[in-house]
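These are the residues of each chain, in order.
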Amino acid sequence: MSDIIHILPDSVANQIAAGEVIQRPASVVKELLENAVDAKATSIDLIIKDSGKTLIKVNDNGIGMSDTDARLCFERHATSKIASADDIFSLKTKGFRGEALASIAAIAHVELKTRNESAAIGTHIILQGSQCQEQSPCQCEKGTSFAVKNLFYNVPARRNFLKSDAVEYNHIREEFIRLALVHPEIAFSLHHNDKNEYKLPKSALKQRIINVFGNTYNERLLPLNQESELVNISGFIGKPEAARKTRGEQYLFVNQRYIKHPYFNHAIGNAMEELIPANHFPTYFVYLEVDPAQIDINIHPTKTEVKFKEEKFIYSILRASVKQSLGNFNLGSQQIDFDNVSPIDFSYIASGGTPKEPKIFVDPNYNPFSSSKPTSAPIMPSSPFKNKKQNNEAWTKIYESIKENIPEEAIAHAQQSQLPLEEENKENDNNNLPMFQTLNTYIIVHVKSGFIIINQEAASERILYDKFMRQMESKQAADVQKLLFPETLNFSPQDADIIANIQHDFILLGFDIEIFGKNTFILNGIPVGMKETNVQHLMEQLLESYKNNLISIRLSRKSNVAYSMAKTLSVKKGQALLAEEINEIVKQLFMSESPEISPCGEKICKILNEKEIANLF
Ligand code: ADP
Ligand code: MG
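As the structure is a computational prediction, the values presented were derived from the model and not from experiment.

**Student:** Let's hear about the sheet that holds strand β19 (residues 520-527): which residues, and what values?
**Tutor:** The strand order across the open sheet built from 3 strands is β17-β19-β18, with neighbouring strands paired in antiparallel fashion. The two strands at the open ends of the sheet, each matched to only one other strand, are β17 (480-490) and β18 (512-515). The sheet shows a mean angle of 15° between the axes of neighbouring strands, direction not considered. Examined bridge by bridge, β18 and β19 share 4 bridges and lie antiparallel to one another. Its bridge partner being in β19, Glu514 is matched across the sheet by Ile522. Those strands touched by helix α13 (residues 493-508) are β18 and β19, and its axis lies near 145° from that of β18.

Structural data, given as structure tokens:
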């Protein structure tokens, strides 16, 4: 048999290898930005077209490259960053594998302009599918400019695999932000489709965070500082009230690299546990500095997981420093006993010992989000419960939907009872149906065949969602209650974009909101019935939910607005309700066309019939 093995041509090998390093436009962005940082640039501009599918361009004012290096940098394993394997352990740069540019060149059209300090004239190179098409001298500033066009032009499967522009752009922005957050000493800008999305001048870290996420962060951040032999910790944690319902701004870096580390994330969350409401996530920007020998730096370029040798110690130190940071700063309450915050002693205890944690006494009952007495349900219009027919149909539906699980005789029984609400024929609607709240979370309604358990949060979401959808579909703006003092709302550029996009829907819902300069809006009024407290916070929750739905559940813009509003304003799990609020929820729920399923598909209620109850015993 003749020989069958042959060596793949470089272009094919590169294309295959590229799949590992470059998975989407954001991977190119990450590699080019990191190279610019490694080249000691003090100013880096990122220019994107069509979420990177058409163009990704990075201009830097770093050290640039010589003619020869400019050509060589596209070869595989071409790097100026390490010379021997040992160098990996004292690495100061982000890259070292010499793979990125070779990979990018294999799957895109690449153009490079670069000049180093010693050259009077720069070099211009055009590549296609790893092949150099042209190299010529050119006039350019000191530094480097890479333009990557038509990504995956020769790998259609990859190109087709790309997500929507919004999703790909989100990934790009995330890579940009991660790097901008580790290098506040570098000026960054990001343009997308000719729009300036971020302009971040060189600044201190706190100012950088504010420039990226908006002015509201100015008052939200508590500094974190802890030096020990094992690890230095710095950065900021969000005050407990900055906690979000979605895992939003959580940034952890080790030795200037963004990492994901569920264990350390837990340390931070655990330190703040008593202070933030259930189901909320803390905001943090935490920077760890450790001896490179303490971590496995030889991580894959696309991976963000890092292994630490002394994970347990770092966990304790991190947790204690977050607690200390919370204790050191007056959160405007007596929840933390400041006198009891002792300085942390972190002299590194050799294996076997455990670092001592500071003692902090926290009031476990403190919840910055809830007031002590039950609040009345927001936007729960008291429309009279007149439409019995509609209501009855809704009940019928519930029975229909669970019929399969209910034995014949129970159905017969339910029908005999003429469906629960029919049994009441007094003028006082469903008031005489026995109902009560349990665990501050469920409403129990007693009906003839057993009882109905209603998830109050899901029910409230359904009621509000229906109302907001009706409101938007009516195309008539809802009544506005004017704010006594109009609020100026500041947002990050991406959030401001979203608000501008859904401004019209907001107006239909009764918000009087207008654009007021870059990333700033003025809120003159809010929907009638909505509480006035902390509108900025409310808008942020709303946005958070809106953004979340963009990724997790694909809804139309209107449905997303209605759903996000409903989620934000709904009665929450754990919220004590007054009798009339319970009554109102039950009333309104069964006027809905879909009383059994919440807008995001969660079950709202369940009937426990006689048999099921009997089975419990
Ligand atoms: P790595 O970063 O792992 O070394 P890359 O493929 O990303 O590998 O880059 C190869 C080499 O090209 C780098 O080691 C560096 O010498 C050079 N290079 C890349 N980008 C730049 C830049 N923006 N400015 C100067 N040199 C660069
Ligand atoms: Mg690199």
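**Student:** Please set out the nonpolar core residue by residue, giving values where relevant.
**Tutor:** Leu46, Phe74 and Phe285 are the most contacted members of the largest nonpolar core, which totals 61 residues. The greatest single-element share of this core, amounting to 8 residues, is contributed by helix α6 (residues 165-182). Both of domain 1 (10-202) and domain 2 (210-332) provide at least three residues apiece to this core. What Phe285 contacts, discounting residues up to four positions off in sequence, is Leu181, Ile209, Phe213, Tyr217, Leu221, Ser234, Gly235, Phe236, Glu249 and Tyr251. Membership of the second largest hydrophobic core comes to 33 residues, among which are Met469, Ile499, Ala562 and Leu569.

**Student:** I'd like a rundown of helix α8 (residues 262-272), residues and numbers included.
**Tutor:** Summarising burial for α8: 8 of the 11 residues are buried, a large majority. Residues of α8 that are buried make contact with β10 (232-238), β11 (250-254), β13 (284-289) and α9 (311-328).

**Student:** Talk me through the site of ligand 1; I want residue IDs and the actual numbers.
**Tutor:** Lining the immediate surroundings of ligand 1 are 19 residues, of which Asn35, Thr79, Ser80, Lys81 and Gly98 lie closest. Within the side chain of Asn35, one N or O atom sits 2.8 Å away from an oxygen atom of ligand 1. In this structure, an oxygen atom belonging to ligand 1 sits 2.6 Å away from a side-chain N or O atom of Thr79. If ligand 1 stood free it would expose 530 Å²; the protein chains cover 93% of that surface. Among the elements of the structure, α4 (100-106) and β6 (143-149) are those that each provide at least two residues to the shell around ligand 1. Looking at the shell around ligand 1, its residues break down into 8 nonpolar, 7 polar and 4 charged.

**Student:** Hey, could you go over the environment of Ile276 for me, with residue numbers and the actual values?
**Tutor:** Looking at the element boundaries, Ile276 is found in the loop between α8 and β13. Distance in space between the C-alpha atoms of Ile276 and Pro240 is 5.4 Å, their sequence separation being 36 residues. Setting aside its immediate chain neighbours within four residues, Ile276 contacts Pro240, Ala243, Phe281 and Pro282.

**Student:** Could you give an account of the confidence of the model for the protein chain, with specific residues and numbers?
**Tutor:** In the predicted model, the protein chain carries a mean pLDDT of 80, and 81% of its residues have values of at least 70. Every residue in residues 330-392 is under pLDDT 50, and counting partners more than four places away or in other chains gives 128 contacts.

**Student:** Now, about the sheet that holds strand β15 (residues 442-447): what can you tell me, with residues and values included?
**Tutor:** An order of β14-β15-β16-β20 is seen for the 4 strands of this open sheet, with the pairing classed as antiparallel. Of all the strands in the sheet, just β14 (435-438) and β20 (605-609) have a single pairing partner and so form its edges. Mean inter-strand twist for the sheet, computed between neighbouring axes without regard to direction, equals 25°. Two strands pair when backbone bridges link them, and β14 and β15 are joined in this way by 4 bridges, in the antiparallel orientation. Across the sheet, the residue bridging to Gln437 is Ile443, located in β15. Across the sheet, helix α12 (residues 456-473) touches β14, β15 and β16 (450-455), and the angle it forms with β16 is around 70°.

**Student:** Could you give an account of a nonpolar patch on the surface, with specific residues and numbers?
**Tutor:** Judged by side-chain polarity, Met1, Ile4 and Ile5 come together as a nonpolar surface patch covering roughly 480 Å² of accessible area. Positionally, Ile4 belongs in the segment before α1 (10-21).

**Student:** If you had to explain the pairing of β10 to someone new, which residues and values would you point to?
**Tutor:** Summarising burial for β10: 5 of the 7 residues are buried, a large majority. Summarising the sheet, strand β9 (residues 221-227) and β10 pair through 7 bridges and their orientation is antiparallel. Counted as the bridge partner of Leu221 is Gly238 from β10. Two successive antiparallel strands, β9 and β10, enclose a turn made up of 4 residues. Bridge count for β10 against β13 is 6 bridges, and the pairing is antiparallel.

**Student:** Could you give me a rundown of the environment of Gln135, with the residues and numbers involved?
**Tutor:** Along the chain, Gln135 turns up in strand β5 (residues 131-138). For Gln135, a relative accessible area of 31% corresponds to the partly exposed category. Along the chain, Gln135 and His124 lie 11 residues apart, while their C-alpha atoms are 5.5 Å from each other. Every residue in contact with Gln135, bar those within four places of it in the chain, is listed here: Asp67, Arg71, Thr123, His124 and Ile125. At 3.3 Å, the side chain of Gln135 and the backbone oxygen of Asp67 are in polar contact. Within the local environment of Gln135, its side chain forms a polar contact with the side chain of Arg71, the two groups lying 2.9 Å apart.

**Student:** Help me get a handle on the side chain of Asn35, residues and values and all.
**Tutor:** Along the polypeptide, Asn35 turns up in helix α2 (residues 25-38). Separated by 3.1 Å, the side chains of Asn35 and Lys81 make a polar contact. Residues in contact with Asn35, not counting those within four places in the same chain, are Lys81 and Leu101.

What counts as what
Residues numbered from 1 in each chain as written. Chains lettered and ligands numbered in written order. Predicted model: local features only at pLDDT ≥ 70, side-chain atom pairs only at ≥ 80, totals over all residues. Heavy atoms only, no water. Pairing = 2+ DSSP bridges. Helix = DSSP H or I, 4+ residues; strand = E, 2+ residues; numbered from the N terminus. Axes fitted to C-alpha atoms, helices over the stretch in contact; angles between N-to-C directions. Contact = heavy atoms within 4.5 Å. Core = buried A, V, L, I, M, F, W, Y, C linked by side-chain atoms within 4.5 Å. Buried < 20%, exposed > 50% of the residue type's maximum accessible area, 1.4 Å probe, protein only. Domains from an automatic or database assignment. Near = heavy atom within 4 Å. Polar contact = N/O pair within 3.5 Å; in protein donor to acceptor, adjacent residues only side chain to side chain. Areas by Shrake-Rupley, 256 points an atom, 1.4 Å probe, with all protein chains shown as cover. Nonpolar A, V, L, I, M, F, W, Y, C, P; charged D, E, K, R; others polar. pLDDT = per-residue confidence, 0-100. Patch = residues over 30% accessible without salt bridge, like charges linked within 9 Å, V, L, I, M, F, W, Y side chains within 5 Å. Salt bridge = Lys/Arg side-chain N within 4 Å of Asp/Glu carboxyl O.

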